[in-house]
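Remarks on the overall topology
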Amino acid sequence: MKHIYAFENKDDFDRFQDIIERFTQKLLKFQNELEQNYALKDVPKGIVWTSEQLATNIFSQIAIPAFTRKDIIYISPDLTSWRKLFISQLEGQENNYPNIKAFYENMSENHIFTIVGQELTHHSDLFIDEFDDEREDSIWFEEGMCEYLPRKILLSEVEFNEITKIESEMVEIFKGQYGNHSLDDFGTSSYHGSLTSIMFDYWRSFLAVKYLVEERANHDVKMVFDQYHKWDKEGRKVPLTNHFKLDSLFN
């Protein structure tokens, strides 16, 4: 996997060089973990380290400066920008939720690195649908698992529990506004909605996968993947949430 640096000037590269080097070393270890245990066979061609501005205005029009396109990962390593972006998910309600604001204001490099890990996890062959294809009926599972695995593997228990608590609270805060659709309709807002409406589906998907792995399967990730593959082999006769009996999870 090639590492490409796309910055407008040398000062920007110099500013992020240290964190990119740290992330690169961590990524090698995480890649090995996925190859050994989660069927990662074909890694992306490259990863483009860039600024938030270039990621969201030049390389894409997506508000989130981390994405994969044509087998290349694009991501900003700018911790300050990520913190601001996550705080903006509160949609001006920061003062009502000081604990959530404080969490995002102090978000660590580890949490940002899991976003890099998420993009790489999408390339696992355990997922049925091709990542770049139009996916309709199992997006929440792949997105939730790609959030869950890097967090579970890369974060400490304390860090993992913290992000779980925060995203559970965010679901509660915004479910009346953005939660009027099934998990199976992941991406209803697509990338044309607000940042929070987009992220709402990711929060729910992560929490659903966490529930399946830790509550239903007693922490056996393989068992959950087996059920997912069974659903596909049987012809996807019911929505995936029905197959997993998750209909009432967020009611």
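1. Structural notes on the sheet that holds strand 1 (residues 2-6)
Spatial strand order, 1-2-4-3: four strands in an open sheet with mixed pairing. For this open sheet the edge positions go to strand 1 and strand 3 (66-69), each flanked by a neighbour on one side alone. Neighbour-to-neighbour, the strand axes of this sheet turn through a mean angle of 20°, independent of strand direction.

2. Some points on the pairing of strand 2 (residues 46-50)
The element strand 2 is extensively covered by neighbouring structure, given that five of its five residues are classed as buried. Burial along strand 2 is two-sided: Gly46, Val48 and Thr50 facing one way and Ile47 and Trp49 facing the other are all buried. For strand 1 and strand 2, the ladder comprises five bridges, and the chain directions are parallel. Bridge pairing in strand 2 places His3 opposite Ile47. Taking the sense of rotation as the criterion, the β-α-β connection linking strand 1, helix 1 (residues 10-37) and strand 2 turns out left-handed. Alignment of strand 2 against strand 4 (residues 72-75), held across four bridges, turns out to be parallel. Looking at strand 4, one finds that Gly46 is bridged to Ile72.

3. So, the pattern of salt bridges
Where charged atoms from two side chains of opposite charge approach closely, those side chains can pair. Applying the stated rule across the entire model yields 14 salt bridges. Among the salt bridges present, the one from Lys10 reaches Asp14, with a minimum N-O distance of 2.9 Å. Taken together, the residues Lys10 and Asp14, both in helix 1 and four residues apart, mark about one turn of the helix. Exposure remark for Lys10: the relative accessible area of 58% places this residue in the exposed category. Lys101 is the salt-bridge partner of Glu105, the closest N and O atoms lying 3.9 Å from each other. Taken as a pair, Glu105 and Lys101 lie in helix 4 (residues 98-105) at a separation of four residues, close to a single helical turn. Given a relative accessible area of 38%, Glu105 falls into the partly exposed group. Taking relative accessible area as the criterion, Lys101 reaches 26% and is therefore assigned partly exposed.

Basis of the calculations
Residues numbered from 1 in each chain as written. Predicted model: local features only at pLDDT ≥ 70, side-chain atom pairs only at ≥ 80, totals over all residues. Heavy atoms only, no water. Pairing = 2+ DSSP bridges. Helix = DSSP H or I, 4+ residues; strand = E, 2+ residues; numbered from the N terminus. Axes fitted to C-alpha atoms, helices over the stretch in contact; angles between N-to-C directions. Buried < 20%, exposed > 50% of the residue type's maximum accessible area, 1.4 Å probe, protein only. Right-handed = clockwise from strand over helix to strand, strands pointing away. Salt bridge = Lys/Arg side-chain N within 4 Å of Asp/Glu carboxyl O.

By themselves, these figures tell us nothing about what the structure is for.
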